[in-house]
Amino acid sequence: MAGKFEVYVDAEAQYRFRLTAPDGTELAVSAAFREKAAAVAGIEAVRECAGMGLINDLCSAGGSAPAGIPVPVPAAALAVPVLPACEPQRTTVDAFRIHATARRAAAALHWSGAA
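Below: a short report on this structure. (Residues numbered from 1 in each chain as written. Predicted model: local features only at pLDDT ≥ 70, side-chain atom pairs only at ≥ 80, totals over all residues. Heavy atoms only, no water.)

### Concerning the pairing of strand E1 (residues 4-9)
Okay, step 1: Two strands pair when backbone bridges link them, and E1 and strand E2 (residues 15-20) are joined in this way by six bridges, in the antiparallel orientation. By the bridge assignment for E2, Phe5 is matched with Leu19.
Okay, step 2: A loop of five residues connects E1 with E2, the two strands running antiparallel in sequence, and Ala13 in this loop sits at a positive phi of about 60 degrees. (Pairing = 2+ DSSP bridges. Helix = DSSP H or I, 4+ residues; strand = E, 2+ residues; numbered from the N terminus.)

This is the structure in structure tokens:
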């Protein structure tokens, strides 16, 4: 089961949305929006961009993690072969637009208007 987006009103009477995992763990919280429609548009933007998002490591190269935070083991040390399916795949802009349009259409069918 996939996670879900929840739209809610915060303590300052602003709209926000949060992304929760299937087990209820809060994964992300949005910035504040003045209108509910803007929060819904934010959800649509996250849905469209998240799957294609790149990871930018902004940590210093020689830095160490703060105390209490586990340090990940480098992939090279795991001795697990990298499968060709894991390599980045390029797509044309037109293919991306077609895919995004189909996702938006499918998502529109699920919107109940409740929240």
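### Focus: the sheet that holds strand E3 (residues 26-29)
Okay, step 1: Overall, antiparallel pairing links the three strands, which are arranged E1-E2-E3 in an open sheet. At either end of the open sheet lies a strand with only one pairing partner, and these are E1 and E3. Adjacent strand axes in the sheet meet at a mean angle of 30 degrees when their direction is disregarded. (Axes fitted to C-alpha atoms, helices over the stretch in contact; angles between N-to-C directions.)

### Considering the side chain of Thr20
Okay, step 1: Topologically, Thr20 is positioned in strand E2.
Okay, step 2: Assessed through its relative accessible area of 5%, Thr20 is described here as buried.
Okay, step 3: Discounting chain neighbours no more than four positions away, the residues touching Thr20 are Gly3, Lys4, Glu6, Thr25, Glu26 and Leu27. (Buried < 20%, exposed > 50% of the residue type's maximum accessible area, 1.4 Å probe, protein only. Contact = heavy atoms within 4.5 Å.)

### Description of the pairing of E3
Okay, step 1: Pairing between E2 and E3: three bridges, direction antiparallel. If you follow Thr20 over to E3, its bridge partner there is Glu26.
Okay, step 2: If you look at the hairpin formed by E2 and E3, you'll find five residues sitting between the two strands, and Gly24 has a positive phi there, around 95 degrees.

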